[in-house]
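So you can see what is in the structure, the chains are spelled out below.
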Amino acid sequence: MPAPARVRPNRSVLMIASEALPYSKTGGLADVLGALPSALVRLGWQVTLVTPRYRGVAAGRLSERFTLAIGAHAFDVGVYEEAWPDGVRVVLLDVPELFDREALYTIGNVDYPDNPRRFALLSRAALEWAGRRGQRIAVVHAHDWQAGLAPVYLRTSLASHPILGGTPTVFTIHNLAYQGLFEPDWLPRLDLPWDLFSVERMEFWGRISFLKGAINDSTIITTVSRTYAREIQTREFGCGFEGILQRRAGDLVGILNGIDVTSWDPANDPHLPQPFDANDLAGKRAAKVAVLSRYGIEADDETLGRPLIGMISRMVDQKGLDLIAANAAHLPELDASFVILGTGDAGYESMWSRLAQQYPRRVGVKVGFDEGLAHLIEAGADAFMMPSRFEPCGLNQMYSLRYGTVPIVRAVGGLADTVTDWTPRRRSATGIVFEEYAPEALLEALKRAIALYRQPAKWRALQKAGMKLDYSWDRSAREYVKMYDRAIKQAGGMR
Ligand code: ADP
Ligand code: GLC
């Protein structure tokens, strides 16, 4: 790893996010916040990551306490800090009445009713912490609706703050489907003025949206792939925000996520029985044996001989679960087996569980969240299925590519930007890509993959082409730095 570049004056970013590895995770947001800060440090930036100290997080040492009033509530905020070995500074906000809960956002598909207050506090306390340092930060980088009020507070109550006032903001949309929509009477309860309840600011069909506030009030908006940046300006993918985003098109940029190539490395992954790389795939077969046995599927000539298709996913419509459900009767007829890991909508969980019961040698399902098993599936599966309806970036297809596991994806968002469809003459092909959001199109793609698997030389070429790709964070981090510089410039130069 190269030595960190010399820290230039005021190249400092305050990252605000509701989840971050290794502290918390429900999806890809956590992976991004677990890796992007370090990549920025390697480029000479000072990075402070602020995130909640949820139940079960033991990290950090108490460095200070302050009281923060939000509406009629006064919160005692404990600041726990820790420094990563590479220099990233992490601030974990300890407010037990808000964050010491069973889940991050939702219990049994019902959101915590005080989510607006919980995540308003995240932004407010992060900014309060920064203001108390007495040193200006160059840029605030907020992620998703949960951190969406940071740019809004900076434009309203903190606009003339001596330290924070005028700080430029970059806001990253990881998923436009989650919009932070609440009743408007939250505005005064979050110390926000009623004039934000207007179409130009936070109002969205009679409610307020944290996401909309952030889109309107940030200096620069990014999202996590180029294709998704285009898609969300259309009616099909815009979730009603297309007009708002079109208005800000000049400040909207797609930056593809990277992957953490240290923790996702088949040559050095503690979750695998045996390491492997593009030159020697023997360890991949060992992982296939291991994953089959974890799912109670006997690893014999028959099960090892047919392709094993993996899926690790939140089980929600976004991920194409309805396409899979429409094909449920056909999957066991294919010359393949499936290993599935995920949680989400009860209907989809039980669909998979029923299939597994009916076809125990064909389908294995684990409902739950299991990081180690996710690594083993990425290694042991031959192909990986991601038939998403929409996909802002998607990380699993990139993990798959690195693990020699051929992705079968729909051509949307980041999936379209990272996987190249196989055709007989395309040397750069890395997977199977289908266009139409239709059950037959998915089935056809699965059949194409299975047929290719039967042609070992071609399959091997696909695997190798994927394993050669470099989706590490450094390139993406350089793009973020460009956006930070642009935001600073747009906000009036180095303050
Ligand atoms: P999203 O953020 O929309 O869920 P991504 O592909 O960006 O999709 O990221 C999902 C991340 O969460 C990946 O790291 C994936 O491996 C992980 N993940 C999802 N479901 C599970 C699960 N049940 N167990 C372990 N990891 C999971
Ligand atoms: C979101 C998206 C996913 C993306 C992740 C990280 O959860 O659904 O596509 O990879 O954020 O940016």
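What counts, and where the lines are drawn
Residues numbered from 1 in each chain as written. Chains lettered and ligands numbered in written order. Predicted model: local features only at pLDDT ≥ 70, side-chain atom pairs only at ≥ 80, totals over all residues. Heavy atoms only, no water. Core = buried A, V, L, I, M, F, W, Y, C linked by side-chain atoms within 4.5 Å. Buried < 20%, exposed > 50% of the residue type's maximum accessible area, 1.4 Å probe, protein only. Helix = DSSP H or I, 4+ residues; strand = E, 2+ residues; numbered from the N terminus. Domains from an automatic or database assignment. Contact = heavy atoms within 4.5 Å. Pairing = 2+ DSSP bridges. Axes fitted to C-alpha atoms, helices over the stretch in contact; angles between N-to-C directions. Near = heavy atom within 4 Å. Polar contact = N/O pair within 3.5 Å; in protein donor to acceptor, adjacent residues only side chain to side chain. Areas by Shrake-Rupley, 256 points an atom, 1.4 Å probe, with all protein chains shown as cover. Salt bridge = Lys/Arg side-chain N within 4 Å of Asp/Glu carboxyl O. Parallel < 35°, antiparallel > 145°, perpendicular 65-115°, else oblique. Nonpolar A, V, L, I, M, F, W, Y, C, P; charged D, E, K, R; others polar. Phe/Tyr/Trp six-rings, centres within 6.5 Å; stacked < 30°, edge-to-face > 60°. Lys NZ or Arg CZ within 6 Å of the ring centre and 35° of its normal. Buried area = accessible area lost by both parts, 1.4 Å probe.

A few points about the nonpolar core
Here's step 1: Membership of the largest hydrophobic core comes to 137 residues, with the highest contact counts inside it found for Leu 14, Leu 40, Trp 45, Val 77 and Leu 121.
Here's step 2: Per-element tally for this core: the top contributor is helix 3 (residues 115-133), with 9 residues.
Here's step 3: For this core, the two domains that each supply at least three residues are domain 1 (12-258 + 474-490) and domain 2 (282-469).
Here's step 4: If sequence neighbours within four positions are ignored, Leu 40 has contacts with Val 13, Met 15, Trp 45, Val 47, Ala 477, Tyr 480, Val 481 and Tyr 484.
Here's step 5: Residues Trp 352, Ala 356, Trp 422 and Ile 450 belong to the second largest nonpolar core, which totals 40 residues.

What about the pairing of strand 13 (residues 220-223)?
Two faces belong to every sheet, and in a regular strand the side chains alternate between them.
Here's step 1: On strand 13, burial covers both faces: Ile 220 and Thr 222 on one face and Ile 221 and Thr 223 on the other are all buried.
Here's step 2: The pairing of strand 9 (residues 169-173) with strand 13 spans 4 bridges and is parallel. Looking at strand 13, one finds that Val 170 is bridged to Ile 220.
Here's step 3: Both strand 13 and strand 14 (residues 252-254) contribute to a ladder of 3 bridges, which runs parallel. Residue pairing across strands places Thr 222 opposite Val 253, the latter belonging to strand 14.

Observations regarding the sheet that holds strand 10 (residues 181-182)
Here's step 1: Strand order across the open sheet formed by 3 strands is 10-12-11, with antiparallel pairing between neighbours. Pairing within the sheet leaves two strands with one partner each, and these edge strands are strand 10 and strand 11 (203-204).
Here's step 2: Two elements, strand 11 and strand 12 (residues 207-209), share 2 bridges in a ladder whose sense is antiparallel. Paired with Glu 203 across the two strands is Ile 208, which belongs to strand 12.
Here's step 3: The sheet contacts of helix 6 (residues 210-217) involve strand 10, strand 11 and strand 12, and relative to strand 12 the element is tilted by about 55°.

Structural notes on the side chain of Asn 396
Here's step 1: Note on placement: Asn 396 falls in helix 14 (residues 396-402).
Here's step 2: Excluding residues that lie within four positions of it along the chain, Asn 396 makes contacts with Ile 312, Glu 378, Phe 384 and Met 386.

Some details on the site of ligand 2
Here's step 1: Residues in contact with ligand 2 amount to 14 residues; listed here are only the nearest, His 174, Asn 257, Glu 391, Cys 393 and Gly 394.
Here's step 2: Asn 257 places a side-chain nitrogen or oxygen 2.8 Å from an oxygen atom of ligand 2.
Here's step 3: A distance of 2.5 Å separates an oxygen atom of ligand 2 from a polar atom in the side chain of Glu 391.
Here's step 4: Its free accessible area being 310 Å², ligand 2 has 93% of it covered by the protein chains.
Here's step 5: For the shell around ligand 2, the element with the most residues is helix 1 (residues 28-42), which contributes 3 residues.

Looking at the pattern of salt bridges
Here's step 1: Enumeration according to the criterion identifies 28 salt bridges in this entry.
Here's step 2: Of the charged contacts, one joins Arg 454 and Asp 335 as a salt bridge, the two residues approaching to 2.7 Å between their closest N and O atoms. Residue Arg 454 is located in the loop between helix 16 (439-453) and helix 17 (456-468), and its partner Asp 335 is located in the loop between helix 11 (321-326) and strand 16 (337-344); the two are separated by 119 residues in the primary sequence.
Here's step 3: Relative accessible area serves as the criterion here: at 43%, Arg 454 is assigned to the partly exposed category.

Re the side chain of Arg 248
Here's step 1: In this structure, Arg 248 sits in the loop between helix 8 (242-247) and strand 14.
Here's step 2: On the basis of relative accessible area, Arg 248 is assigned to the buried category, the value being 13%.
Here's step 3: A polar contact is formed between the side chain of Arg 248 and the backbone oxygen of Ser 218, at a distance of 2.4 Å.
Here's step 4: In this view, Arg 248 contacts Ile 215, Asn 216, Ser 218, Thr 219 and Ile 221; residues no more than four positions away in its chain are not counted.

Quick word on the sheet that holds strand 19 (residues 406-410)
Here's step 1: With parallel pairing, the 6 strands of this open sheet are ordered in space as 17-16-15-18-19-20. Since the sheet does not close on itself, it has two edges, and those belong to strand 17 (363-367) and strand 20 (432-434), each with one partner. On average, each strand axis in the sheet is inclined to that of its neighbour by 15°, with strand direction left out of account.
Here's step 2: Inspection of the sheet shows strand 19 paired to strand 20 by 3 bridges, in the parallel sense. Within strand 20, the position partnered with Val 409 by the bridge is Val 433.
Here's step 3: Lying on the sheet, helix 12 (residues 346-358) is in contact with strand 15 (308-315), strand 16, strand 17 and strand 18 (383-386); it crosses strand 17 at an angle near 145°.
Here's step 4: In this fold helix 16 packs onto strand 15, strand 18, strand 19 and strand 20, with an angle of close to 165° to the strand it touches most, strand 20.

Focus: the packing of helix 16 against helix 17
Here's step 1: Orientation of helix 16 relative to helix 17, taken along the N-to-C sense of each, is 110°, at an axis distance of 7 Å. The angle between the axes of helix 16 and helix 17 places the two elements in the roughly perpendicular class. Contacts from Ala 449, Leu 452 and Tyr 453 in helix 16 reach Pro 456, Lys 458, Trp 459 and Leu 462 in helix 17.
Here's step 2: Classifying every residue of the contact of helix 16 with helix 17 by side-chain character gives 6 nonpolar, no polar and 1 charged.

Concerning the packing of aromatic side chains
Here's step 1: Taken as a whole and judged by the stated rule, the model has 14 aromatic pairs.
Here's step 2: Between Tyr 105 and Phe 119, the ring centres sit 5.7 Å apart and the planes meet at 55°, which makes this aromatic pair tilted. Of this pair, Tyr 105 sits in the loop between helix 2 (96-99) and strand 6 (106-107) while Phe 119 sits in helix 3, and the two are 14 residues apart along the sequence.
Here's step 3: For Tyr 105, a relative accessible area of 14% corresponds to the buried category.
Here's step 4: Three or more aromatic residues joined by ring pairs form one cluster here, namely Tyr 54, Phe 99, Tyr 105, Phe 119, Trp 145, Phe 182 and Phe 210.
Here's step 5: Just above the ring of Tyr 295 sits the side chain of Lys 366; from NZ or CZ to the centre is 5.1 Å.

Considering the domain arrangement of the chain
Here's step 1: What the domain assignment reports for the chain is domain 1 (12-258 + 474-490) and domain 2 (282-469).
Here's step 2: Of the residues lining the interface, 19 residues belong to domain 1; the matching set on domain 2 comes to 19 residues.
Here's step 3: When the two sides are added together, the surface that domain 1 and domain 2 hide from each other amounts to roughly 1,400 Å², 57% of it contributed by carbon and sulfur.
Here's step 4: The tally of links between domain 1 and domain 2 comes to 1 salt bridge.
Here's step 5: The residue Glu 371 makes a salt bridge to Lys 25 at a minimum N-O spacing of 3.7 Å.
Here's step 6: Taken together, the connections running from domain 1 to domain 2 amount to 8 residue pairs in polar contact (both at pLDDT 80 or more).
Here's step 7: Elements with a contribution of two residues or more to the side of domain 1 that touches domain 2: helix 1 and helix 7 (226-231).
Here's step 8: Per-element accounting of the side of domain 1 that touches domain 2 gives the leading share, 4 residues, to helix 7.
Here's step 9: Among the residues making up the side of domain 1 that touches domain 2, the classes are represented as 6 nonpolar, 9 polar and 4 charged.

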